[in-house]
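These are the residues of each chain, in order.
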Amino acid sequence: VRAPPESFPVAARRELADIQLRTNLRRATDTIRDKRAHVIAELPDWEELREAGRAIKADVLARLDEYLLEFEAAVHAAGGHVHWARNGAEACAIVTKVARAHGAAEVVKVKSLTTDEIELNAALAADGIRALETDFAELILQLDGDWPSHILVPAIHRNRSEIRDLFARTIAPGIASDDPRDLAEAARLYLREHFLAAKVGVSGANFGVAETGTLVVVESEGNGRMCTTLPPVLVTVLGIEKLVPNFADLEVFLQLLPRSSTGERMNPYTSLWTGASEGQELHVVLLDNGRTRVLADPVGRDALHCIRCSACLNVCPVYTRTGGHAYGSVYPGPIGAILTPQLVGIENAASLPFASSLCGACYEVCPVKIDIPSVLLHLRAAAVRAKASRIERLAMRAAARTFSGRRRFMLAQRLGRLAQPLATRSGLLRAWTGTRELKRIPRQPFRNWWTDR
Amino acid sequence: VRIALFATCVGDTLFPEAARATVTVLERLGHEVVFPQEQTCCGQMHLNSGYPDEAARLARRFVDTFAHCELVVAPSSSCVGAIRELYPRLGVVDPLLHRVFELSELLVHRLRIDDVGATFPHRVAYHPTCHSLRVTRVGDAPLTLLHRVRGLEFVELPRAQECCGFGGTFSLKNADTSSAMLADKCSSIEETSAEFCAALDGSCLLQIGGGLSRSGSRVQPIHLAQILAAR
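Presented here is an overview of the structure given in this document. Computed from a predicted model, the values in this text were never measured in an experiment. (Residues numbered from 1 in each chain as written. Chains lettered and ligands numbered in written order. Predicted model: local features only at pLDDT ≥ 70, side-chain atom pairs only at ≥ 80, totals over all residues. Heavy atoms only, no water.)

**Re the sheet that holds strand S7 (residues 233–239) of chain A**
Hydrogen bonds between backbone groups are what pair the strands of a sheet, and the pairing can be parallel or antiparallel. Residue and element names in this part refer to chain A. Read across the sheet, six strands follow the order S1-S10-S7-S4-S2-S3 without closing on themselves; strand pairing throughout is parallel. Of all strands in the sheet, those bounded by a partner on one side alone are strand S1 (81–85) and strand S3 (130–133). Strand-to-strand twist across the sheet, computed as the mean angle between neighbouring axes with direction ignored, equals 25°. Relative to S3, helix H10 (residues 180–197) is tilted by about 130°, and along the sheet it contacts strand S2 (106–109) and S3. (Pairing = 2+ DSSP bridges. Helix = DSSP H or I, 4+ residues; strand = E, 2+ residues; numbered from the N terminus. Axes fitted to C-alpha atoms, helices over the stretch in contact; angles between N-to-C directions. Contact = heavy atoms within 4.5 Å.)

**Side note on the side chain of Asn289 of chain A**
All names here are of chain A. Position of Asn289 among the secondary structure elements: in the loop between strand S10 (281–287) and helix H13 (291–295). A polar atom in the side chain of Asn289 sits 2.8 Å from the side chain of Glu117. Filtering out sequence-adjacent residues up to four positions away, Asn289 remains in contact with Val1, Ala85, Arg86, Asn87, Gly88, Glu117, Ile118 and Leu343. (Polar contact = N/O pair within 3.5 Å; in protein donor to acceptor, adjacent residues only side chain to side chain.)

**A few points about the packing of helix H2 (residues 19–41) of chain A against helix H12 (residues 250–261) of chain A**
All names here are of chain A. At a closest axis distance of 7 Å, the pairing of H2 and H12 adopts a crossing angle of 145°. From H2, Ile32, Arg36, Val39 and Ile40 reach across to H12, where they touch Arg259, Ser260 and Ser261. Classifying every residue of the contact of H2 with H12 gives three nonpolar, two polar and two charged. (Nonpolar A, V, L, I, M, F, W, Y, C, P; charged D, E, K, R; others polar.)

**A closer look at the nonpolar core**
Formed by 138 residues in total, the largest nonpolar core has its most connected members in Phe71, Phe167 and Ile338 of chain A together with Phe6, Phe62, Val72 and Tyr87 of chain B. At eight residues, helix H18 (residues 372–387) of chain A tops the list of elements feeding residues into this core. Non-local contacts of Phe6 of chain B, meaning those with residues more than four positions away in its chain, are made with Gln39, Thr40, Cys41, Cys42, Phe62, Phe66, Val72, Val73, Ala74, Pro75, Cys79 and Ile83 of chain B. Grouped together as the second largest cluster of nonpolar side chains are 42 residues, Phe446 of chain A together with Leu26, Leu111 and Leu224 of chain B included. (Core = buried A, V, L, I, M, F, W, Y, C linked by side-chain atoms within 4.5 Å. Buried < 20%, exposed > 50% of the residue type's maximum accessible area, 1.4 Å probe, protein only.)

**Observations concerning helix H16 (residues 333–344) of chain A**
All names here are of chain A. For H16, with twelve residues, the first-to-last C-alpha span of 16 Å sits near the 16 Å given by 1.5 Å per residue. Of all twelve residues in H16, twelve are buried; the element is thus mostly enclosed. Turning to H16, its buried residues are Gly333, Pro334, Ile335, Gly336, Ala337, Ile338, Leu339, Thr340, Pro341, Gln342, Leu343 and Val344. Considering only its buried residues, H16 is in contact with helix H6 (113–117), H13, helix H14 (311–315), helix H15 (319–322), helix H17 (361–365) and H18. Note on H16: the residue one or two positions beyond its end, Gly345, has a positive phi of about 95°. (Expected span 1.5 Å × (residues − 1).)

**Some thoughts on the state of the cysteines**
Residues and elements named next belong to chain B. According to the stated counting rule, one finds zero disulfides over all chains in the structure shown. For the unlinked cysteine Cys204, the closest cysteine sulfur is that of Cys164, found at 4.4 Å. Looking at Cys204, the relative accessible area reads 11%, which means it is buried. (Disulfide = S-S within 2.5 Å.)

**A few points about the packing of helix H8 (residues 136–144) of chain A against helix H9 (residues 160–169) of chain A**
When two helices pack together, their arrangement is captured by the angle between the axes and the distance separating the axes. Residues and elements named next belong to chain A. For the pair H8 and H9, interaxial distance at closest approach is 10 Å and the crossing angle is 60°. With respect to their mutual orientation, H8 and H9 come out oblique. The hand of the H8/H9 crossing is left-handed. Contact residues: Phe136, Ile140, Leu143 and Asp144 in H8; Ile163, Leu166, Phe167 and Arg169 in H9. Of the residues that constitute the contact of H8 with H9, the class distribution is six nonpolar, no polar and two charged. (Parallel < 35°, antiparallel > 145°, perpendicular 65-115°, else oblique. Left-handed = near helix turned anticlockwise from the far one by under 90°.)

Written as structure tokens, this is what we have:
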């Protein structure tokens with residue numbers, strides 16, 4: 001995973017200036033948020049489902065070594081190949097090797113965060129192999145050299161006239177309509193040829209079942225199924241945390257995921273495959289890429305429970321203002337704020353755990369009950385140890401000392417009141433006063449009133 | 001009942017009117033209020049800013065200061081949330097923690113009072129602060145109390161449950177994002193016909209009040225305790 005190129009406050013400032021982006025985002029996330037709330041209210045056992053999801057994931061992480069070996073054996077038994085990749089480079093090399101072995105000049109891809117994480121497309125391109133994104137939104141971004149700003153709705157920051165103009169320049173010369181149906185038809189015509197010609201498909205997976213070696217992709221468009229069924233060779237890159245122990249566990253997650261992500265009772269396409277049949281080839285790449293390091297942290301490892309539903313993005317008051325690009329990572333929003341710093345090292349993303357007002361809305365909606373605010377606090381402490389400025393440390397230590405005794409605190413109250421006008425005028429409090437008035441500290445603190453009464 | 005008041009550092013310094021109102025309400029209901037003089041800050045700022053060691057020291061200090069008290073009340077859901085729900089994660093565990101309440105939950109859930117005999121003939125919108133909803137979980141206690149205030153006209157706040165953007169040091173470290181959140185909160189408040197916007201936390205009122213007054217709004221921020229104390 002690449003570290004964010006700039007700190008969150010700097011990137012957020014730029015993104016916030018884009019009023020169109022904020023309006024688009026707000027409208028889109030409001031819609032999904034309301035749909036989600038509606039379909040979740042229908043289920044009387046939602047809380048039990050969440051608890052089941054959490055418990056299954058906790059068990060998977062506690063016995064990950066066993067489940068991985070069980071999964072590997074099951075994939076072998078079903079006629080598939082299993083590869084182990086310590087990092088993104090190794091994973092990319094494996095995919096490239098498979099594609100080259102079959103003489104593929106192009107691979108068709110299922111929307112996959114994991115392959116974005118390892119920058120697979122760039123690695124394939126370096127070897128002369130074109131990776132074609134077939135998810136509608138991913139295709140849009142790929143054609144424009146843009147990158148996703150939402151886990152589930154990657155092009156949430158783009159509107160349809162922008163997309164029409166892009167298609168006119170690229171895959172559908174002369175297209176005049178920006179009707180979503182016409183845009184989809186243009187993409188369909190373009191993609192069909194590639195689906196039929198492709199020798200190699202590449203996917204991630206939402207789940208891998210240890211018991212049976214089954215892989216699962218949940219999607220809306222059906223383009224993923226084209227990639228997993230039409231080409232004779234399929235390579236699936238799977239983060240090692242994506243396992244579930246048993247086939248029956250899918251019952252829990254296939255209820256939790258669509259309701260949390262798109263606000264649907266069931267997603268349109270759920271593809272499951274186990275091994276390979278005659279004349280076909282399946283390669284599964286099991287990817288670590290920092291995950292075992294996350295696993296070693298008893299608090300931070302909760303981030304590995306994530307099933308990438310993006311419900312936390314849609315309710316986050318920070319994400320819905322700044323959008324995903326401000327997070328500088330393929331994993332934006334609250335989950336990104338706890339996952340990215342752990343994957344790239346806290347010193348390389350120290351501002352991300354602070355990109356939250358700790359309002360707790362993310363924890364409330366998380367289908368597997370990741371206590372994101374607690375992990376944020378845990379990572380903030382790590383970020384302070386790794387990166388806090390001397391000035392900040394001194395100020396926080398001085399504040400703690402002020403609070404350590406009644407007399408010191410009372411003195412600070414008096415000095416604060418005296419210094420406030422000057423501090424305001426001098427611009428020292430600009431971070432606050434730039435957009436907000438600062439309440440004048442009253443002459444009489446409560447404790448003085450209490451003593452005097 | 002004898003009730004110890006934890007004014008909180010923000011309440012003591014910036015919102016003494018809310019702490020005074022808390023005293024007024026409780027005394028009117030016949031309770032004895034005491035104010036342990038050694039109190040300062042619960043440590044939440046340090047905890048939330050990545051300084052757990054300093055926070056733990058302040059947490060232990062809070063426990064020492066209030067250990068002898070039968071009941072503790074604070075006019076802040078956020079500080080109560082830090083004390084009751086987060087102290088244990090700092091390794092500070094004490095039976096006291098279960099005796100610390102935010103004002104509205106103390107009144108409604110513990111003392112079983114929903115009418116404090118207040119009169120406040122104004123249109124009031126209520127902003128449920130994030131920590132009151134999702135950390136301290138005061139439920140509808142504040143609304144129960146507000147609905148019994150004579151003359152008060154309750155106006156619904158759109159997107160009420162969305163954060164105002166304060167978030168402690170977040171408001172400074174991520175001032176632009178915090179301000180964008182605040183701007184939306186202020187527009188929601190302006191959409192109502194409210195004269196007052198009430199909340200349980202001085203910190204959020206500092207943010208909302210600061211935004212409202214910068215934009216020239218006539219809506220006044222007010223702490224719930226002040227409404228309950230009015231007659």
